Amino acid sequence: MSQNQGMGFPGGGGVKGLIVGANRTARLWLASILIAVCAVGALYRALQEPSLGWRFMAGPNAQVLAQPVGSSPAGHAQAALQGVTALSAVGVSVAITPTLLIESAGIHNEYAVHNHFFAEHRRLWEIVRSPQVSIHHAQGVTNIAPHARGIDELGMRFWFPWLVGLLSLSVGLAIWVYQPLSSASWCYAIASAGYAFGMLCTSTWGSRLLTQPPQAWPELHVASHFASFMVQCGLCVLLWLHPRRLGGNWLIWVLVAVALLSTAADGFQWLPTISLAFRLPIVLVAALLGVLFVLQWRACRTDASQRAQLKWFGLLLFMGLSTVFVAYAFGAAGHVVNLPQNYGLGTVALIFLGLVPLVTRVGLFKLEAWWPRAWLWFLGGLLVIAMDLALVVMLDLGADSAFALALALAGWLYFPVRQLLWRRLSQGALPGTRDVLPQILEVVTHGQGDSVALNLRWRQLWDTLFQPARMTVAPEGTTSGIAQEGRRLVVAACGPLDALEMELPERGGRLFNPADFRRANEIHDLVQQGLASGEAFDRGARQERQRIASDLHDDLGAKLLTIAQASGSERVAVLAREALDEMRLSVRGLTGQVALASDVFADWRAEAVTRLAAAGVEPQWTADEPPLGMALPARAQMQLTRVLREAVSNVIRHSGAKTCRVRIAVSAVRLELEVSDDGHGIEANEGGSRGNGLPGIERRARLLGGVLVVEPASLGGLCVRVEIPVAATALPGDGWTGWSATEVKR
């Protein structure tokens, strides 16, 4: 996988990127052994501390308390000891103060205090390994024989960081096992190993009952600081190289040099405080991590998948490191931040454990769906923590007062802003369903006869709704759903509407998510219901028109036919036959019956030629052969038939012509019906013509979306020409792009 393609981050390649075979088995064994060694090593070191039956901890008013833990030897008092002042044995006595009971020596900023801490704990180690230990407290002196520390005396202060560290290490090593050739896997493995080492060290000295084996404790403390650099530098290199490579390898060497130099300054105590030797460099590296994330965000702006990966990874980074970064930033400024490290550092595990959804292929489109909510939720908690720290450090408030004030400020300031942001994020850059209701109405009310125009409106609706980078017609039978990890959204067909496949919403700005899918289903259901309602209405209207047409044909038609046959007056018979023809034409219009253009042209010819010949006018008929499959809708038949009748009537009644030419021209885009004569011309006919039919012809042409042209004819008389557009509703494969019929009655 190239650096500019695919996932970029570990696990994102899915099963295609897995390395299988014997080498993977060997790596799996190596990773399992390493995890087991780390787990047993931390557990072994924690159990090396002898137990007195109590856990010593700092209490209120700078006092020391001793709380009973685990199971105690027979005769051991289970009551807590108040006001513990010292421990003594074999002539050695050590004063017990709250500064000796802090979780980590690193909380002491100055190296002088730091060294005194380790020196006192070496003396405490000698005491707790004595056969008899005296505990001096407010109630007197309690003598106790130390015993081996039991598993039940470790407590959650040990098990929580121990478990979190091992789980994070497992994720990092698992990614390396399956993708050993990926530099991203190596970066993640190094970062997870550094975090696991630091958490395992913290689990031993943070969960101690009183002290810890002094052997290598200071060295482990320095090594845990180097492990912090492993975490930060590994993540920095990951963002430097993936998903887009931002530059050469020089940054890697700079980070290695900073980590080694800071570790040396910390181990050899070249500077007076831990803040200068360790905390300040680690804060700067964390700030660099943020800069690299911004650079990667800009570099991936044209790739929605990589942007989605960065969104999730950035959320993990922020949630995992923000609290620790704030604490280190206060520490780098020289302030003492005495927070429970065994639990507080657990947030960093989100960077590693949060990768599991990607590795298990939950889907970026699902992760991205609640990404904004997770951000807003975590920002609220972070704001409370930051305000609490600021109030404690800057205003010297008590812990309870500072926390209460921080909650109040967060409620007054953050939550109103959060609501505003959430409304903005939930609305996004795309219109809501309410905004596209006019387009939905256009689709459902357009009618299903003109499928091309209907599908054009259908595609315009989805383009407005999601603004996809690309939209294509999906194969028949396609079901709705999200495909390709959110890159594509498929909308199923809906009656005459095509199934569509859309790629990357917001013009490629992001992936589709489940919320988009729900909106698509909502729109699809609305359109489907609207089309069904429209079809039901049209079906009812057709049935009613059919009933009216049947009544006209059976009742009025029969009476007109009787009049035409039985009347003794030729004029009455002619009028009855004309009325019968008009009634039949109206019935055809009511029933919506379509007919092949060739059949309609033949009927027109028979009627026009018969009428002209009967009036003593020589007929000339010219008509193009209509394309195969061309059909005229009932509405067009009715209007054009009446146009032709009126035009022929004008020639017969007003022109004085001896010759009349009727021409029909058909193309892919228009139909022309022309009637011309050799009569008196437009001047002599203008008054009568306009009074006897030209306005009606113009109105009928306009109803069909066409125009009327009246001009001198080449024969010398008047030319009346109607031009109308051909609606593009052809059936697939019929070779015709004009009107078509699915059923034609001959």
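Cut-offs used in this document
Residues numbered from 1 in each chain as written. Predicted model: local features only at pLDDT ≥ 70, side-chain atom pairs only at ≥ 80, totals over all residues. Heavy atoms only, no water. Helix = DSSP H or I, 4+ residues; strand = E, 2+ residues; numbered from the N terminus. Contact = heavy atoms within 4.5 Å. Pairing = 2+ DSSP bridges. Axes fitted to C-alpha atoms, helices over the stretch in contact; angles between N-to-C directions. Patch = residues over 30% accessible without salt bridge, like charges linked within 9 Å, V, L, I, M, F, W, Y side chains within 5 Å. Areas by Shrake-Rupley, 256 points an atom, 1.4 Å probe, with all protein chains shown as cover. Salt bridge = Lys/Arg side-chain N within 4 Å of Asp/Glu carboxyl O. Buried < 20%, exposed > 50% of the residue type's maximum accessible area, 1.4 Å probe, protein only. Core = buried A, V, L, I, M, F, W, Y, C linked by side-chain atoms within 4.5 Å. pLDDT = per-residue confidence, 0-100. Phe/Tyr/Trp six-rings, centres within 6.5 Å; stacked < 30°, edge-to-face > 60°. Expected span 1.5 Å × (residues − 1). Polar contact = N/O pair within 3.5 Å; in protein donor to acceptor, adjacent residues only side chain to side chain. Bend = angle between axes of the 7 residues up to and from the residue.

We now examine the overall build of the protein chain. A tally of regular secondary structure across the protein chain gives 23 helices and 19 strands. Within the protein chain, contacts between residues at least 6 apart in sequence are counted, and of these 73% link residues at least 24 apart.

On to the sheet that holds strand β5 (residues 92–95). As summarised here, the arrangement of the 4 strands in space is β5-β4-β6-β7, forming an open sheet in which the pairing is antiparallel. The open sheet has two free edges, formed respectively by β5 and β7 (140–144), since each of these has just one partner strand. The mean inter-strand angle of the sheet, taken between neighbouring strand axes irrespective of direction, is 20°. In terms of strand pairing, strand β4 (residues 86–89) meets strand β6 (residues 133–137) through 3 bridges, oriented antiparallel. Bridge assignment links Leu87 to a residue of β6, and that residue is Ile135.

Let us look at a nonpolar patch on the surface. Taken together, Leu261, Phe268, Trp270, Leu271, Leu276, Leu280 and Leu284 make up a surface patch of nonpolar side chains, about 750 Å² in accessible area. No other element matches the 3 residues that helix α7 (residues 274–299) contributes to the nonpolar patch.

Considering all chains together, one arrives at 15 salt bridges under this definition. Close ionic contact of Glu120 with Arg123 constitutes a salt bridge, the shortest N to O distance being 3.3 Å. Note that Glu120 and Arg123 are positioned in helix α2 (residues 111–128) at a spacing of 3 residues, about one turn of the helix. Glu120 gets classed as buried once you look at its relative accessible area, which sits at 12%. For Glu503, the salt bridge is made with Arg488, and the minimal N-O distance between the two is 3.4 Å. Highlighted residues: Glu503 in strand β12 (residues 500–503) and Arg488 in strand β11 (residues 488–491), separated in sequence by 15 residues. Its relative accessible area of 15% is what places Glu503 among the buried residues. By relative accessible area, Arg488 is classed as buried at 15%. Bridged by salt links that share partners, the residues Arg663, Glu672, Glu674, Glu711, Arg721 and Glu723 form one connected network.

Turning next to the nonpolar core. Core analysis: the largest hydrophobic core is formed by 46 residues, its most contacted members being Tyr188 and Leu235. Secondary-structure elements contributing two or more residues to this core are α3 (156–178), α4 (183–206), α5 (217–241), α6 (250–267), α7, α8 (304–332) and α10 (350–353). A per-element tally of this core places α5 first, with 10 residues. In terms of nonpolar packing, the next biggest core, distinct from the first, is built from 35 residues, Ala597, Leu644, Leu694 and Leu704 among them.

This paragraph deals with the pairing of strand β16 (residues 659–666). Burial analysis of β16 places 6 of its 8 residues in the buried class, which makes it a mostly covered element. Inspection of the sheet shows β16 paired to strand β17 (residues 670–677) by 7 bridges, in the antiparallel sense. Within the sheet, the bridge partner assigned to Arg661 lies in β17 and is Ser676. In textbook terms, the turn of a hairpin is the stretch between consecutive antiparallel strands, and for β16 and β17 this stretch comprises 3 residues.

On to the environment of Leu715. Residue position: Leu715 is located in the loop between β18 (707–712) and β19 (718–725). Taking C-alpha positions, Leu715 is 8.8 Å from Arg661, a pair spaced 54 residues apart along the chain.

Where strands meet in a sheet, backbone hydrogen bonds hold them as pairs that are either parallel or antiparallel. Taken together, 4 strands build an open sheet; the order of strands is β9-β12-β11-β10 and the sheet is antiparallel. Each end of this open sheet is capped by a strand with a single partner; those strands are β9 (470–473) and β10 (481–483). With direction set aside, neighbouring strand axes in the sheet form an average angle of 25°. The pairing of β10 with β11 spans 3 bridges and is classified as antiparallel. Counterpart to Ala483 in the pairing with β11 is Arg488.

Before going further, it helps to examine the confidence of the model for the protein chain. Per-residue confidence for the protein chain averages 78 on the pLDDT scale, and 73% of its residues sit at or above 70. At the low end of the mean pLDDT range in the protein chain sits helix α12 (residues 364–369), at 44; at the high end sits α6, at 95. Within the model, pLDDT remains below 50 along residues 11–21, and this stretch shows 21 contacts once partners closer than five positions in the same chain are excluded. Considering only residues more than four positions removed or in separate chains, one finds that residues 684–691, a stretch of pLDDT under 50, has 11 contacts.

Moving on to the environment of His116. Topologically, His116 is positioned in helix α2. On the accessibility criterion, His116 (47% relative accessible area) is partly exposed. In this structure the C-alpha to C-alpha distance between His116 and Leu100, which are 16 residues apart in sequence, comes to 9.4 Å.

In the structure shown here, the tally under the stated rule is 20 aromatic pairs. Summarising the aromatic geometry, the rings of Phe158 and Trp159 are spaced 5.0 Å apart at their centres and angled 80° between planes, so their arrangement reads as edge-to-face. The buried category is assigned to Phe158, whose relative accessible area is 0%. Cluster of aromatic residues (ring-pair linked, three or more members): Tyr188, Tyr195, Phe313 and Phe352.

Relative to the 34 Å expected for 24 residues at 1.5 Å per residue, α4 spans 34 Å between its end C-alpha atoms, a close match to the ideal helical length. Within α4, 19 of the 24 residues are buried, which leaves it mostly tucked inside the rest of the structure. Where α4 starts, the residue carrying a side-chain oxygen 3.2 Å from the main-chain nitrogen of Ala184 turns out to be Ser182.

The sharpest bend along α8 measures roughly 40° and falls at Leu321. Most of α8 is tucked away, with 25 of its 29 residues classed as buried. Capping of α8 at its N-terminal end is provided by Asp303; its side-chain oxygen lies 3.1 Å from the backbone amide nitrogen of Gln306. Trailing α8 by a residue or two, Gly334 shows a phi angle of about 95°, which is positive.

With that out of the way, let us pick up unusual backbone geometry. Both trends apply: most residues other than glycine have a negative phi, and most peptide bonds are in trans. With an omega of -5°, the peptide bond between His242 and Pro243 qualifies as cis. Considering the arrangement of structural elements, one finds Pro243 in the loop between α5 and α6. The phi angle at Val90 is positive, at roughly 45°, despite the residue not being glycine. Among the structural elements, Val90 can be located in the loop between β4 and β5. Overall, Val90 belongs to the exposed group, its relative accessible area being 66%. The residue Glu506 is not glycine, and still its phi comes out positive at about 55°. Within the secondary structure, Glu506 is located in helix α17 (residues 505–508). Glu506 gets classed as partly exposed once you look at its relative accessible area, which sits at 26%.

With respect to the element layout, Val662 can be found in strand β16. Among the residues examined, Val662 registers a relative accessible area of 1% and is labelled buried. When residues no more than four places from it in sequence are discounted, the contact partners of Val662 are Gln620, Trp621, Thr622, Leu644, Leu673, Glu674 and Val675.

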